[in-house]
Amino acid sequence: MGKLKGFLFFLLVLAAVVGGGVIGLRYSRDKVAPVIEVKPNLVATKHMGSIYVYGARVGDHVILFDSGADSAAHPVDAILTQLKASHADVKDIFLTHGHFDHVAGALQFPDARTYLGAGDVGLATGKESPDGLLVKLMTAVLAAPPLPRITNPLKEKAAVDVGGGKSVLAIPVPGHTRGSFAYLFDGVLFPGDIMLLKEGRLEPTPSMFDAHPEENRASIRALKKQLADQTIDRVCTAHGGCTPAGLGENMLNDLVNRLGGG
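In this text, all values refer to a predicted model and were calculated from it rather than measured experimentally. All residue numbers refer to positions counted from 1 along the written sequence of the respective chain. Where local features are concerned, this predicted model is filtered to residues with pLDDT of at least 70; where side-chain atom pairs are given and counted, the filter is 80 or more; whole-chain, interface and lining totals use all residues. By convention in this description, side-chain values take in all heavy atoms of the structure and omit both hydrogens and water.

Quick look at the state of the cysteines
Then step 1. The rule for a disulfide is simple: a pair of cysteine sulfur atoms within 2.5 Å. Counted according to the given criterion, the structure contains one disulfide.
Then step 2. Paired by a disulfide, Cys236 and Cys242 hold their sulfur atoms 2.1 Å apart. Around the S-S axis, the bridge from Cys236 to Cys242 shows a dihedral of about 110° and counts as right-handed.

Here it is as structure tokens:
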């Protein structure tokens, strides 16, 4: 009986901790950190403590890299204010993968073109559940309404013209999710959740958040080869922010070497 009481007490404590965490995350969904400049005309903010959203002005319009976990798009609004832009100026949204914490804000921009790996369209539109128990649980308690559609599903490496003489290079990096994509724009690499910035260096996504860690690591190694002819000034992760200016390629190479792909 004593052991049973102890176990029940443990469950109550666990439930309280998890419940408190969920409430805290829900409360912080629309709490946005100050916007920072990554480089001229490219800015970033974060919410819920660690979820980054990036926006860039290209001529008279704006492109986004991920859109955050807030379906009311408060993080995007902060970015638009910094870029002196409006909702109507958002023309292209590049989603690194289909998890709720990266796609929800796109709901506020129904006229924008949305780019996402074809393998993740089901995740973003609510027709499929994510892999991995922890991500399933987080999605169940924190998910926003699904997106109605993805206008531009991506199936392979492609250069997307975004105007102003600039383009976004989209590169498939399956692993974290089936349809994960990385994007390179103006020397800045946006790898989504295949890696994060932690304690001054790039690291692969922790396995507790990644149902397919070996496939993810293989994609990181392959990414270096796919970018061999490109300049990578900075790497801006979805969790952890950006590497220092000028060190992106070196820090990516360091990660690949530690993964045995140098």
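Re the packing of helix α6 (residues 213-226) against helix α7 (residues 248-258)
Then step 1. The contact between α6 and α7 brings their axes to 9 Å, and the two run at 135°. As the angle between them shows, α6 and α7 are arranged oblique. At the point where α6 passes α7, the crossing takes the left-handed sense. Contacts from Ile220, Arg221 and Lys224 of α6 reach α7 at Asn253, Leu255, Val256 and Asn257. Under this scheme, a helix contributes an axis fitted over its contacting stretch, all axes are lines through C-alpha atoms, and angles between N-to-C directions fall in the 0 to 180 degree range. Working definition: helices are DSSP H or I runs of at least four residues, strands are E runs of at least two. Numbering for both runs from the N terminus. Relative orientations are named as follows: roughly parallel for angles under 35 degrees, roughly antiparallel for angles over 145 degrees, roughly perpendicular for angles from 65 to 115 degrees, and oblique for any other angle. In this scheme the crossing of two helices becomes right-handed for a clockwise turn of the near helix relative to the far one and left-handed for an anticlockwise turn of less than a right angle. In what follows, a contact means two residues having at least one pair of non-hydrogen atoms within 4.5 Å.

Some details on the sheet that holds strand β14 (residues 234-237)
Then step 1. Note: two strands are recorded as paired if DSSP finds a minimum of 2 bridges between them. The mixed open sheet is built from six strands, whose spatial order is β8-β9-β10-β11-β14-β15. Pairing within the sheet leaves two strands with one partner each, and these edge strands are β8 (158-163) and β15 (241-242).
Then step 2. Two elements, strand β9 (residues 166-172) and strand β10 (residues 181-185), share four bridges in a ladder whose sense is antiparallel. Looking at β10, one finds that Ala170 is bridged to Tyr183.

Regarding the sheet that holds strand β5 (residues 90-94)
In any sheet, the strands associate via hydrogen bonds between backbone groups, in a parallel or an antiparallel arrangement.
Then step 1. Ordered in space as β1-β2-β3-β4-β5-β6-β7, the seven strands form an open sheet in which the pairing is mixed. The open sheet has two edge strands, β1 (36-39) and β7 (152-154), and neither has a second partner. Sheet twist, expressed as the average angle between the axes of neighbouring strands with direction ignored, equals 25°.
Then step 2. Where strand β3 (residues 51-58) and strand β4 (residues 61-65) come together, five bridges link them in antiparallel fashion. Within β4, the position partnered with Ala56 by the bridge is Ile63.

Observations concerning the side chain of Thr205
Then step 1. Within the secondary structure layout, Thr205 lies in the loop between β13 (201-204) and α6.
Then step 2. Once you skip the residues sitting within four places of it in the chain, Thr205 turns out to touch His176, Asp193, Ile194, Met195, Asp210 and Asn216.

What to know about the environment of Phe100
Then step 1. Of note, Phe100 is situated in helix α3 (residues 100-103).
Then step 2. Residues Phe100 and Leu147, spaced 47 residues apart in sequence, show a C-alpha to C-alpha distance of 9.5 Å.

Section: the packing of aromatic side chains
Then step 1. Aromatic rings from Phe, Tyr and Trp, with only the six-membered ring used for Trp, were paired whenever their centres fell within 6.5 Å, and each pair was classed as stacked if the ring planes differed by under 30 degrees, edge-to-face if by over 60, and tilted otherwise. Applying the stated rule across the entire model yields nine aromatic pairs.
Then step 2. Their ring planes at 40° and their centres at 5.9 Å tell us that Phe65 and Phe185 sit as a pair that is tilted. With Phe65 in strand β4 and Phe185 in strand β10, this pair connects stretches of sequence that are 120 residues apart. In this structure, Phe65 and Phe185 share a single accessibility class: buried.
Then step 3. One aromatic cluster is present, formed by Tyr52, Tyr54, Phe65, Phe94, Tyr115, Phe181, Tyr183, Phe185 and Phe190 through successive ring pairs. Three labels apply to residues, based on accessible area from a 1.4 Å probe with only protein chains included: buried if under 20% of the type maximum, exposed if over 50%, partly exposed otherwise in between.

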